[in-house]
Amino acid sequence: MEVGITIQHAYEKQHPWIDLTSIGFSYIIDFNTMGQINRQTQRQRRIRRRLDLIYPMVTSSMPKAQSWPVSPGTTTSPPAPPCSCPQCVLVMSVKAAVVHGRTGPLQPPGTRKNMAPSGVGKLPPPPGPGAKPLDSAGTIRGPGKTAPSQVIRRQVSNTPAGATVGSPTSPQGSNRKTGRVALATLNRSNLQRLAIAQSRVLIASGVPTVPVKNLNGSSPVNPALAGITGILMSAAGLPVCLTRPPKLVLHPPPVSKSEIKSIPGVSNTSRKTTKKQAKKGKTPEEVLKKYLQKVRHPPEEDCTICMERLTAPSGYKGPQSTVKPDLVGKLSRCGHIYHIYCLMAMYNNGNKDGSLQCPTCKTIYGVKTGTQPPGKMEYHLIPHSLPGHPDCKTIRIIYSIPPGIQGPEHPNPGKSFSARGFPRHCYLPDSEKGRKVLKLLLVAWDRRLIFAIGTSSTTGESDTVIWNEVHHKTEFGSNLTGHGYPDANYLDNVLAELAAQGISEDSAAQEKD
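Here, residues in each chain are numbered from 1, in the same order as that chain's written sequence. Per-residue local features are limited, in this predicted model, to residues with pLDDT of at least 70; the limit for side-chain atom pairs, both in listing and counting, is 80 or more; totals at the level of whole chains, interfaces and linings are taken over all residues. Water and hydrogen atoms play no part in the side-chain values, which are based on all heavy atoms of the structure.

Draft legend 1. Looking closely at the packing of aromatic side chains. Pairing of aromatic side chains requires ring centres within 6.5 Å, counting the rings of Phe and Tyr and the six-membered ring of Trp. Pairs whose planes differ by under 30 degrees are stacked, by over 60 edge-to-face, and all others tilted. The final tally for this structure, using the stated rule, is nine aromatic pairs. Taken together, a centroid distance of 6.1 Å and an interplanar angle of 55° make the contact between Tyr316 and Tyr341 tilted. Of the two residues, Tyr316 sits in the loop between β8 (292-294) and β9 (328-331) while Tyr341 sits in helix α9 (residues 340-348), which places them 25 residues apart along the sequence. Only protein chains enter the accessibility calculation, which uses a 1.4 Å probe; a residue is then buried when its area is under 20% of its type maximum, exposed when over 50%, and partly exposed in between. Accessibility expressed as a relative area gives 9% for Tyr341, which makes it buried. Here a set of aromatic residues connected by ring pairs shows up, and it is made of Tyr399, Phe422, Trp445, Phe451 and Trp467. Here a strand is any run of E in DSSP of at least two residues, a helix any run of H or I of at least four, and the numbering for each starts at the N terminus.

Take a look at the structure:
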């Protein structure tokens, strides 16, 4: 609308061109050539002036400036037929509902004193010689502008957070006046209690809610925004219910030591890890020989490690090895074929723990271990239920890892690493599948696969302890960040993630053996 007024004004003043940069548009309008020029790209396009109106108009006398229903007995000029645009249809439907008493839009504070007990509206007396004119909201304009903060505070105090606008349960007639007088005598805390009660009724009846933060705080900004939202929605005849947003619940209620129990079927209540690695192969050649079969006549395919043909020597350029670069081998279980020289280089650049993982299908040969720093894992039962699991208690897992110095298996050996957010509390339901997940997590902990040292995807900090692709639930009573309950698929998802690390029920049985 501001752009249209600016262009129209320039055209009527017969300016040769107009620059719209001052109002936020990088365009120049040239009235001589009737063209629009982009100041950045210098792209031009033709424009034309239309004599019709963009928005349809209603030909009728200007209605009086008021935003509340008038008495049916008040004589007014018959309204002209509106246009068929959605906005006019919505406005007319709201007016029709107001006339029939089905809803009651917000009434300005200045008119509440002039309402008769019977519900018939009285127009305000004509202004005297020294009176100030009324604006469209029915408020008296003073010589200076009202500060925005004062307007916001006035709106918040007159419309308590959580109050309903246009509710069908509003009293009629004299009950309205009595209710307004009663509300005027309440302080802010009592108004908020009343608003919360009304909000619960509206939520139960299916009224849409608008979450608002910091209703109890000292800052008036968020409640003021809530009040403005309520005014805008009530202007369209929509019921409004302002509610507080759900709270983040990370931890359960306090639990005494006597209420903490061990988990049936799981030995002990804690485990520690050290820098000790799993059993390693004697040499890389012996490890590869255990899982590979030599291929005398390789196919005409590419090695997915060096991207050279299998019939040609390996394209990897690294330290000299006893293996010839033209030898080709096939992994015994998945059947994928690579240069043995490339597999040797891949193994030497890894954890060197005696295991091998196919780079194509991720099949794991041997027992895969990680580079998790030393720490402690505690696990026990607490007498509280998780959302979505009301019939069972909760398994609480507590991970504790201190900061330290990186070892030879870490990204930067000899450099210190940080450990943010420890101890970390995680939760599982004490169900059959929840205990199964716990047992597999214990195997992953022993294999040092729960955590790693790297760059945090949340904070961007490098050389810090991070999760290692096995998701945990760290919210106890909410699911605002996606790391809480209820989540019907979580246990199945974490079982799949553990299987991708080579941890399954069979591997758990092998650990016992």
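Past the structure itself, the notes keep going.
Draft legend 2. Layout of the nonpolar core. Core analysis: the largest hydrophobic core is formed by 39 residues, its most contacted members being Met377, Ile397, Tyr399, Leu428, Leu438 and Leu441. It is helix α10 (residues 432-446) that contributes the most residues to this core, eight residues altogether. By definition in these notes, contact holds between two residues if any of their heavy atoms fall within 4.5 Å. Those residues in contact with Met377, other than ones at most four positions away along the chain, are Thr269, Ser270, Arg271, Ile397, Ile398, Tyr399, Leu438, Leu441, Leu442 and Trp445. Only buried residues count toward a nonpolar core, which is a set of Ala, Val, Leu, Ile, Met, Phe, Trp, Tyr and Cys residues joined through side-chain atoms within 4.5 Å. The next biggest cluster of nonpolar side chains, apart from the first, holds 20 residues, and it includes Cys306, Leu310, Val328 and Leu356.

Draft legend 3. Layout of helix α8 (residues 284-291). For α8, the full list of buried residues reads Val287, Leu288 and Tyr291. Burial along α8 is one-sided: seen end-on, the buried residues are contained in an arc of 95°. Opposite the buried face of α8, at more than 90 degrees from it, the exposed residues are Lys289 and Lys290. Where the residues of α8 are buried, they touch β8, β9, α9, β11 (356-357) and β12 (364-365). This arc is built from the directions going out from the helix axis to the C-beta atoms.

Draft legend 4. Inspection of the packing of α10 against helix α11 (residues 490-500) at higher detail. Contact geometry of α10 with α11 gives a least axis separation of 10 Å together with a crossing angle of 25°. The orientation of α10 with respect to α11, classified from their angle, is roughly parallel. For the crossing formed where α10 meets α11, the hand is left-handed. Between α10 and α11, the contacting residues are Lys433, Gly434, Lys436, Val437, Leu440, Leu441 and Ala444 on the first element and Leu491, Asp492, Val494, Leu495 and Leu498 on the second. Split by residue class, the contact of α10 with α11 holds eight nonpolar, one polar and three charged. Every axis in this analysis is a line fitted to C-alpha atoms, fitted for helices over the stretch in contact. Angles between the N-to-C directions lie between 0 and 180 degrees. With respect to orientation, any angle under 35 degrees is reported as roughly parallel, any angle over 145 as roughly antiparallel, any angle of 65 to 115 as roughly perpendicular, and every other angle as oblique. Helix crossings are classified by the rotation of the near helix relative to the far one: an anticlockwise turn of less than a right angle makes the crossing left-handed, while a clockwise turn makes it right-handed. Under the scheme applied here, ten amino acids are nonpolar (Ala, Val, Leu, Ile, Met, Phe, Trp, Tyr, Cys and Pro), four are charged (Asp, Glu, Lys and Arg), and all others, including Gly, are polar.

Draft legend 5. Main features of the sheet that holds strand β1 (residues 17-19). Pairing between strands is defined by DSSP: at least two bridges between the two strands are required. Strand order in the open sheet formed by four strands is β1-β2-β3-β4, with antiparallel pairing between adjacent strands. Each edge of the sheet is formed by a strand with only one pairing partner; in this case those strands are β1 and β4 (44-46). Put simply, the sheet's adjacent strands are angled 20° from each other on average, direction ignored. Pairing between β1 and strand β2 (residues 27-30): three bridges, direction antiparallel. Within the sheet, the bridge partner assigned to Asp19 lies in β2 and is Ile28.

Draft legend 6. Examining the pattern of salt bridges more closely. Salt bridge, as used here, is a side-chain nitrogen of Lys or Arg placed within 4 Å of a carboxyl oxygen of Asp or Glu. Applying the stated rule across the entire model yields 10 salt bridges. Glu409 is paired through a salt bridge with Arg448; the nearest N and O atoms lie 3.1 Å apart. Of this pair, Glu409 sits in the loop between β15 (404-405) and β16 (416-417) while Arg448 is found in the loop between α10 and β18 (451-454), placing the two residues 39 residues apart along the sequence. The exposure class of Glu409 is partly exposed, given its relative accessible area of 23%. Judged by its relative accessible area of 3%, Arg448 is buried. When the shortest N-O distance is used, the salt bridge between Lys433 and Asp492 registers 2.8 Å.

Draft legend 7. Focus on α9. Counted residue by residue, α9 has seven buried out of nine residues, so it is predominantly covered. Buried residues of α9: Ile340, Tyr341, Cys342, Leu343, Met344, Ala345 and Tyr347, and no others.

Nothing here speaks to function; it is geometry throughout.
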